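# Notes for the structure review
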Amino acid sequence: MEGKTIQSIQRAIDIMNCFNENVHELSLKEISEKVGLSKSTVHGIVSTLLKNSYLEQNEKNSNYSLGPAFIEKSFIVNEDVLIKNIGHKYLVKISEEFSVTVNLFLFKREHLKLIDRVQSDSMYYTISTSITKIPLNASASGKLALAYSKDVNIDKIFSKNLLYKYTNSTIIDRETLIEEIYKIREDGYSLERSEVELGIYCISVPIFKVNNVFVGTASIMATREKLMNILPNLAPKMVAMSKKISFELGAREE
């Protein structure tokens, strides 16, 4: 048995249903015409949806689109699929331009889970598809977690003696690691220089979701010679990719 329909709620749902994969932005007038309500009525509902982040407004043309609240709720359903679906096209572009294998990871509780990989036959990689705990002081993605995640910090790894020296290049000095974190935040990417495995370099960029929460990384692993040769052109493209994926996931630059 169906219950009573609340008119105001139904109208808000009708407005949100105006948007789909083919209709990303609408003006107030266009929304009003689609739902068959006056502009003044629509404006009140839109303002409420806007305040609660279910809609957002384009500052350039004042049009409306679905807001980051939808992305935040979708993470509850399946964040692996969401991040993969949004990030895949960007991974493909980087892989094709630089002939590299690009990996996309979800970060949870100091572990990385590989959720997507765009592979190139010419690129070195040795990363498991299972959930793997990452060395926070040594790997490119681990240092990103130290730089951006609220769940891990330098004090914790030093107080609990969680630092491991994998090679002579592994950072185990507190001040050096802090300097590295500041550089990562300034550059927008992290480098791993034979710190886990000799001769292997890696570049990683952070991925953020709604409220600028660190949620994962995108990484490329290669020999030192290969990565350093392409790094000047690759690094800015990786940073740009990080920002685009994060924006689509609801993150906004402060």
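Anything mentioned here points back to the structure above.
As a starting point, this report considers the structure included with it. (Residues numbered from 1 in each chain as written. Predicted model: local features only at pLDDT ≥ 70, side-chain atom pairs only at ≥ 80, totals over all residues. Heavy atoms only, no water.)

### Quick notes on the environment of S27
- Take S27: it is sitting in the loop between α1 (7-16) and α2 (28-35).
- Using a relative accessible area of 19% as the deciding quantity, one classes S27 as buried. (Helix = DSSP H or I, 4+ residues; strand = E, 2+ residues; numbered from the N terminus. Buried < 20%, exposed > 50% of the residue type's maximum accessible area, 1.4 Å probe, protein only.)

### Some details on the packing of aromatic side chains
- The tally for this structure, following the rule as stated, stands at five aromatic pairs.
- Arranged with centres 5.2 Å apart and planes meeting at 85°, the rings of Y148 and F208 form a pair that is edge-to-face. Taken together, the positions of Y148 in helix α5 (residues 140-148) and F208 in strand β7 (residues 200-209) put the pair 60 residues apart, joining distant regions of the chain.
- Among the aromatic residues, those joined into a ring-pair cluster are F107, Y148, F208 and F214.
- The positively charged end of R252 is found above the aromatic ring belonging to F247, 3.8 Å away from the centroid. (Phe/Tyr/Trp six-rings, centres within 6.5 Å; stacked < 30°, edge-to-face > 60°. Lys NZ or Arg CZ within 6 Å of the ring centre and 35° of its normal.)

### Observations concerning the pattern of salt bridges
- With the rule as written, the count across this model stands at eleven salt bridges.
- K143 serves as the salt-bridge partner of E195, at 3.0 Å between the closest nitrogen and oxygen. Of the two residues, E195 is situated in the loop between β6 (190-193) and β7 and K143 in helix α5; the sequence distance between them amounts to 52 residues. Each member of the pair E195 and K143 is classed as buried.
- For D155, the salt bridge is made with R174, and the minimal N-O distance between the two is 2.5 Å. (Salt bridge = Lys/Arg side-chain N within 4 Å of Asp/Glu carboxyl O.)

### Observations regarding a nonpolar patch on the surface
- Taken together, the side chains of I6, I9 and I13 define a hydrophobic patch exposed on the protein surface, amounting to about 250 Å² of accessible area.
- For I9, the location among the structural elements is in helix α1.
- Relative accessible area serves as the criterion here: at 48%, I9 is assigned to the partly exposed category. (Patch = residues over 30% accessible without salt bridge, like charges linked within 9 Å, V, L, I, M, F, W, Y side chains within 5 Å. Areas by Shrake-Rupley, 256 points an atom, 1.4 Å probe, with all protein chains shown as cover.)

### Quick notes on the nonpolar core
- Formed by 33 residues in total, the largest nonpolar core has its most connected members in I94, I203, I220, L234 and M241.
- When residues of this core are traced back to their parent elements, those giving at least two are α4 (68-98), β3 (102-108), β4 (111-118), β7, β8 (213-223) and α8 (224-248).
- Per-element tally for this core: the top contributor is α8, with nine residues.
- For I94, the residues in contact, after removing those within four places along its chain, are S99, V100, V102, I220, L234, K237, M238 and M241.
- If you look at the next biggest cluster of nonpolar residues, it comprises 21 residues, including F105, L146, I157 and L177. (Core = buried A, V, L, I, M, F, W, Y, C linked by side-chain atoms within 4.5 Å. Contact = heavy atoms within 4.5 Å.)

### With respect to helix α3 (residues 39-51)
- Helix length check: α3, at 13 residues, gives a terminal C-alpha distance of 18 Å against a target of 18 Å (1.5 Å per residue), a fit within 8%.
- Considered for burial, the residues of α3 that qualify are V42, I45, V46 and L49. Mapping the buried residues of α3 onto a view down its axis gives an arc of 100°, with all of them on the same face. Of the exposed residues in α3, the ones pointing more than 90 degrees away from its buried face are S40 and K51.
- Buried-residue contacts for α3 involve α1, α2, β1 (55-57) and β2 (64-66).
- Taken from the residues just after α3, S53 is the one with a positive phi, measuring 70°. (Expected span 1.5 Å × (residues − 1). Arc of directions from axis to C-beta.)

### Brief notes about the pairing of β8
- Burial analysis of β8 places nine of its eleven residues in the buried class, the great majority of the element.
- Pairing geometry for β3 and β8, over five bridges, is antiparallel. Residue pairing for β8: F105 is matched across the bridge by T217.
- Looking at chain direction, β7 and β8 are connected through ten bridges and run antiparallel. Pairing of I203 across the sheet is with I220, part of β8.
- Remark: three residues form the turn of the hairpin made by β7 and β8, two consecutive strands paired antiparallel; N211 in that turn has positive phi of roughly 65°. (Pairing = 2+ DSSP bridges.)

Remember, this is a structural readout, not a statement about activity or role.
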